[in-house]
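Topology and contacts: notes
Spelled out, the chains give:
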Amino acid sequence: MALTLQLVFTKSDGKDFVLTVDEPRPGVTPAEVQAAMERVIASGVFKKDGDVLTAVKSARIIDRSVNDLFSSK
């Protein structure tokens, strides 16, 4: 089972910017994630094609499991 935290921001051009974090801390709360996302926006660290992050859109934890059927050696 692999967990991924997917953070979706809105850029100044209105398009989405998605940031993913592998293996988020167990028990992380929505309030903690939203506060962290707001700090990312305030830092101005991400800029794509001249557009900056302007708003928090959504966040979700994705739970994925992989079941190998076979493997050649």
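Description of the structure in this document. Please read all numbers here as calculations on a predicted model, not as lab measurements. Sequence order as written defines residue numbering, which begins from 1 separately in each chain. Owing to the predicted nature of the model, reporting of local features is limited to residues with pLDDT of at least 70; listing and counting of side-chain atom pairs is limited to 80 or more, with chain, interface and lining totals taken over all residues. Excluded from the side-chain calculations are hydrogens and water; all other atoms, namely the structure's heavy atoms, are used.

1. Some thoughts on the environment of Ile62
Counting from the N terminus, the helices are the DSSP runs of H or I reaching at least four residues and the strands are the DSSP runs of E reaching at least two. Its location among the elements puts Ile62 in strand S4 (residues 51-64). With relative accessibility at 31%, the residue Ile62 sits in the partly exposed group. Residues Ile62 and Ala31 lie 31 residues apart in sequence; the distance between their C-alpha atoms is 18 Å. Here's how the labels work: a residue is buried when its accessible area is under 20% of the maximum for its type, exposed when over 50%, partly exposed in between, all with a 1.4 Å probe on protein chains only.

2. Quick notes on the sheet that holds strand S2 (residues 16-22)
Pairing between strands is defined by DSSP: at least two bridges between the two strands are required. Taken in spatial order, the 4 strands make up an open sheet running S2-S1-S4-S3, and their pairing is antiparallel. With one partner strand each, in any of the chains shown, S2 and strand S3 (47-48) form the two edges of the open sheet. In terms of strand pairing, strand S1 (residues 2-11) meets S2 through 7 bridges, oriented antiparallel. Within S2, the position partnered with Leu7 by the bridge is Leu19.

3. With respect to the pattern of salt bridges
Any two side chains of opposite charge can pair, given that their charged atoms come close. Any Lys or Arg side-chain nitrogen located within 4 Å of an Asp or Glu carboxyl oxygen qualifies as a salt bridge. Across all of its chains, the model carries 3 salt bridges by this definition. Note that Asp13 and Lys11 form a salt bridge whose closest N and O atoms lie 3.6 Å from each other. The class of Lys11 is buried, set by a relative accessible area of 7%. A salt bridge links Asp16 to Lys57; the nearest nitrogen and oxygen atoms lie 3.1 Å apart. One end of the pair, Asp16, is in strand S2; the other, Lys57, is in strand S4, and 41 residues separate them in sequence.

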